[in-house]
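Here is how the chains run, residue by residue.
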Amino acid sequence: MKVLIELGVEELPAWPFLREFDNILPKWDAALAKHNFKADFKLDYTPRRIVLSGELAEFAPDKEVENIGAPKNVALDSDGKWSKAALAFASKCGISESELAFKEIKGKEVLYHKSIAKGVSLKSVLASIIEDFALSLSFGKTMRWGDKDCAFIRPLRNLVVLLDDELLECELFGVCSNKASFVHRDFGYDKVSFDTAAQYFEVLEKSAVILSSDERKSRILAQFDELEKQSGLKIELDDELLAEVVAITEYPNAHLGSFDKEFLELPKEVIITSMKENQRYFALLNNDGSLANRFVVVANSTSKDSALIVAGNEKVLRARLSDAQFFWHSDLKNPFNAEKLKNITYLAGLGSVYDKELRECEISVVLADIYSSELKALGASKELLKEAIMLSKADLTTAMVYEFTDLQGIMGGYYAKHAGKNELICKAITEQYLPNSDESELPSNAFSSVVAMSAKLDALLALFSINKIPSGTKDPYALRRAALGVIKIALKLGVNFDIKELLAALSKNYKSFELDALYDFIFDRLYALYEINPSIIKACIKACINAGVSDLVQLDANIRALDIIVRADGFEAGFDTFKRLANILKEAKIGSVDESLLENESEKALYSAFRACKLDFSKPREYLNELFGLKGDIDSFFDSVMINDPDERKKANRIALIGGIYEAFIKIADIKEISA
C-alpha cells in the first residue's frame, strides 16, 4: 500500500530539527518494526511540515513467537500438579493446562510454547505507529499548546495520512487527519484540498512549496552562482548557514543587497557575525579576499519585487551595524587591560578570571622552558608570554564581546593591535581558543601555542582540583576538547612533551587531587585522535604507563609505527606467534639469560638473532620491525624446545630468553593487548 504522511507544524526551529534529522528515518523504521513492518521510506521537510512517503504491505508478515517459562521443578508442585507459575504461563500463552509442555534448553527442562502470531493489518496499527514515531523524536525543548497535554517541537496544525489515496481517519495530538495541506503563505493562509497523493505533491509544487531540501539547496547554490557572475564578487559560503537557510525556506530566492562603506571600518568578523547570526545573510568578498559592502539574503518569498525585499533587509542591517559601530568606538575609548577581570568570577573555588590568568602565567613559564628554542627563534621572552596571557581574556569586559560572544579572542586581537601591542601578542590572543573543533586549525606559531596550551592546562588542572570531572556524555566545561587540544598542539610542535612530569610539576599550584585520574583522562583522548584499531592505542599507552614514560610525541610515533605494521598484509596470520609468547610469560619472573645453559640449536639461534637486533627507541617503526622479524626464530624455538623443562635452571633461562624479547616489545607496545 502506498503511504503518505504529513505532520504539519508551525515553523520548525532550524537547528533543533537539523540535529535530529539523521535520526528521523531510523526512528520511523523502529516504530514500524514494533508491528513487524519494514520498508524504505523517503523523508522530506519544509519549515512547516515533515513528510514521509513509501510503500507498506497491507498486512505485517506472520511472526513466530517463542515463550520460555519456569523450569520443571518450579512448574510442578510436590504432587506433580501444575504450579501457579505454570498456570500463569499458560494464561500468558493463551493455552490450556493440557497444552503445557517442557523443552530442554541449555541442559535444563523448562516450560516452552511456540505459536504463530498473525500479522496485523496496516490500517489497524498505522495511527499507533505514527504516534509512537512522533513521540520518539527528540528535539531538545518542546512546546505545549492549547489545553493539550501533548508536547512536540512545534504545535501540530495539520495531519495527512493516506493509504492508497484513501484517508485513514485518525488523530494525533488532538488534530484529525484530512485531505488538505497548508501551501506557501504567498498563496494564502487557508489549507488547500486534494484527493490523491499525486495531487498532494502537485498542489504543493504549484503553490511554491519545494518539499525536497536537496532541491532547495541546489536552487540556492545556482542563484549564488548567478549573483557572483553579476557582481564580480565571491560569496563566502558558510555550510552551517546554508543548511539553516535551506531549513527555514519553502521557496528560496537569493537577492543581492548592500550596506554603507563606512561600516567597513569595523573588523570583518563583526560585520559577518552580525549578518549571519542576526539576519542569516551571506557575506561577499572582493578578489583580494577583503570584505565587500554587499550581502546576499535568501528570502522565503515568491515576490518578483526584489527591490522591496532588498530595501527592507538593508534597513535592518544598517541598524545592526550602527549598533556594532557604536560598540567598537566605545570599546576603543577604554584602556585594554586585565583590571576588570578581577570582577568576573571564573568558577566557585577558583577565584576570578584574573586569578585564572595568573595561574596561566605560571604554566607558561614552565612551557617556555620546554619550547625555549622555538620561542627564541621568534624573539619571544617569558615576559612577553605573561603579557599576552594577562591580556588574553580582557575582551570579555568589552561591549562588542558582550553582544557577540562568539567573537571573544578575535576582538581581543583587534583591541590589542589598536593598543600598539606586539604582533605576537595580538596573534596569540586571536588564536588562544584553537583548536576549537575536530576540524579546527591549530595555533600558527610556538608563542600562540604556549598561550593556548596554558589556558587548556589550567582548565584541566583547576576543574579536576574541584572535582568538576566530565562523566558520561556530559562535559559542560569542554575539558575533553581542552585535553585533545593540548595533545594536538604538542604533536604539532614536535618537542618531547612528558605530560605526567609536566602535570605533576604544575599541580602544586592547585588543590590536591588524584593526578592519575587526569593522566588517564588525557590518555583516553588519544582514542579520538586516530582512526585506527583501538587496541593499538591501548597497547602503546599501556607500554608507556608501565615504563613510567608519558612523552606524547614519542607515544604518537609509537602508535603510528605499530599501526603501519599491523595493517601490513600477512601480519594477522603471523601474529599468533607473538600472542603465544606473551601468554607464556603471564606472571612469569623474567631473569637474565645464561648463555652457557643454551643447548638447543634453535634457542641459540634465537638468542643470537635477538642480540643482533638494532633496537633504536627513537625509531619505533624500525625497532618493531626488528622484533617482529624474529618470528621465524621464535617459531623454531617453540617447535624444538620444551620451555617447562624439568631442570628449573633451563626453564628459567628459556623464560628469560623469550622474556627479554617481550620486555623489548613493551618499551613500545604491550603486544598482548593487540587484537589484529
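Look a little higher up for the structure.
Residues numbered from 1 in each chain as written. Predicted model: local features only at pLDDT ≥ 70, side-chain atom pairs only at ≥ 80, totals over all residues. Heavy atoms only, no water.

Undergrad: Talk me through the sheet that holds strand β6 (residues 108-117); I want residue IDs and the actual numbers.
TA: Sheet strands line up and pair through hydrogen bonds in the backbone, either parallel or antiparallel. Taken in spatial order, the three strands line up as β4-β6-β5 in an open sheet, and their pairing is antiparallel. One side of each edge strand has no neighbouring strand; the edge strands of this open sheet are β4 (63-71) and β5 (102-105). Pairs of neighbouring strands in the sheet enclose a mean axial angle of 45°, with direction left out of account. The strands that helix α3 (residues 84-93) touches are β4 and β6; relative to β4, the one it contacts most, it runs at about 170°. (Pairing = 2+ DSSP bridges. Helix = DSSP H or I, 4+ residues; strand = E, 2+ residues; numbered from the N terminus. Axes fitted to C-alpha atoms, helices over the stretch in contact; angles between N-to-C directions. Contact = heavy atoms within 4.5 Å.)

Undergrad: Any chance you could break down unusual backbone geometry for me, citing the residues and the numbers?
TA: Residue L434 is joined to P435 through a cis peptide bond whose omega torsion reads -5°. As for its position among the elements, P435 is in the loop between α15 (423-431) and α16 (446-465). Positive phi, normally seen in glycine, also occurs at D165, with a value near 70°. The partly exposed category is assigned to D165, whose relative accessible area is 31%. One non-glycine residue, A208, lies in the positive phi region at around 65°. If you trace the backbone, A208 turns up in the loop between α5 (197-206) and α6 (213-231). (Buried < 20%, exposed > 50% of the residue type's maximum accessible area, 1.4 Å probe, protein only.)

Undergrad: For the nonpolar core, give the residues involved together with the corresponding values.
TA: Ranked by internal contacts, the top residues of the largest apolar core, which has 135 residues, are M400, F447, F497, I499, L562 and F628. The greatest single-element share of this core, amounting to 13 residues, is contributed by α16. If we ignore the near neighbours within four places in the chain, the residues touching F447 are L375, L378, A380, S381, L384, L385, A388, L424, I425 and A428. Judged by nonpolar contacts, the second largest core, of 60 residues, contains A134, I220, V246 and A254. (Core = buried A, V, L, I, M, F, W, Y, C linked by side-chain atoms within 4.5 Å.)

Undergrad: Go over the packing of aromatic side chains, please, and point to the residues and values.
TA: Any aromatic ring pair is given by two values, namely how distant the centres are and how the planes are angled relative to each other. With the rule as written, the count across this model stands at 28 aromatic pairs. On the basis of an interplanar angle of 75° and a centroid distance of 5.2 Å, the ring pair of Y200 and F201 is categorised as edge-to-face. With centroids separated by 5.0 Å and ring planes inclined at 25°, the aromatic side chains of F571 and F575 adopt a geometry described as stacked. Since its relative accessible area comes to 1%, F575 is described here as buried. Members of the aromatic cluster, joined through ring pairs, are F17, F21, Y45, F139, W145, F152 and F173. For the cation-ring pair, R219 lies above Y251, with the distance from its terminal atom to the ring centre recorded as 4.2 Å. Above the plane of the ring of F521 lies R525, whose end atom (NZ or CZ) is 4.6 Å from the centre. (Phe/Tyr/Trp six-rings, centres within 6.5 Å; stacked < 30°, edge-to-face > 60°. Lys NZ or Arg CZ within 6 Å of the ring centre and 35° of its normal.)

Undergrad: Summarise the pattern of salt bridges; cite the residues concerned and give the values.
TA: Inspection of the entire model under this criterion finds 38 salt bridges. In this structure, the salt-bridge partner of K538 is E673, at a minimum N-O distance of 3.4 Å. In this pair, K538 is assigned in helix α21 (residues 534-547) and E673 in the segment after α28 (648-665), connecting sequence segments 135 residues apart. The salt bridge partner of K542 is D670, with a shortest N-O separation of 3.9 Å. Highlighted residues: K542 in helix α21 and D670 in the segment after α28, separated in sequence by 128 residues. In the salt-bridge network here, residues are joined through shared partners; they are K356, R359, E360, K393 and D458. (Salt bridge = Lys/Arg side-chain N within 4 Å of Asp/Glu carboxyl O.)

Coordinates in, geometry out; function isn't part of it.
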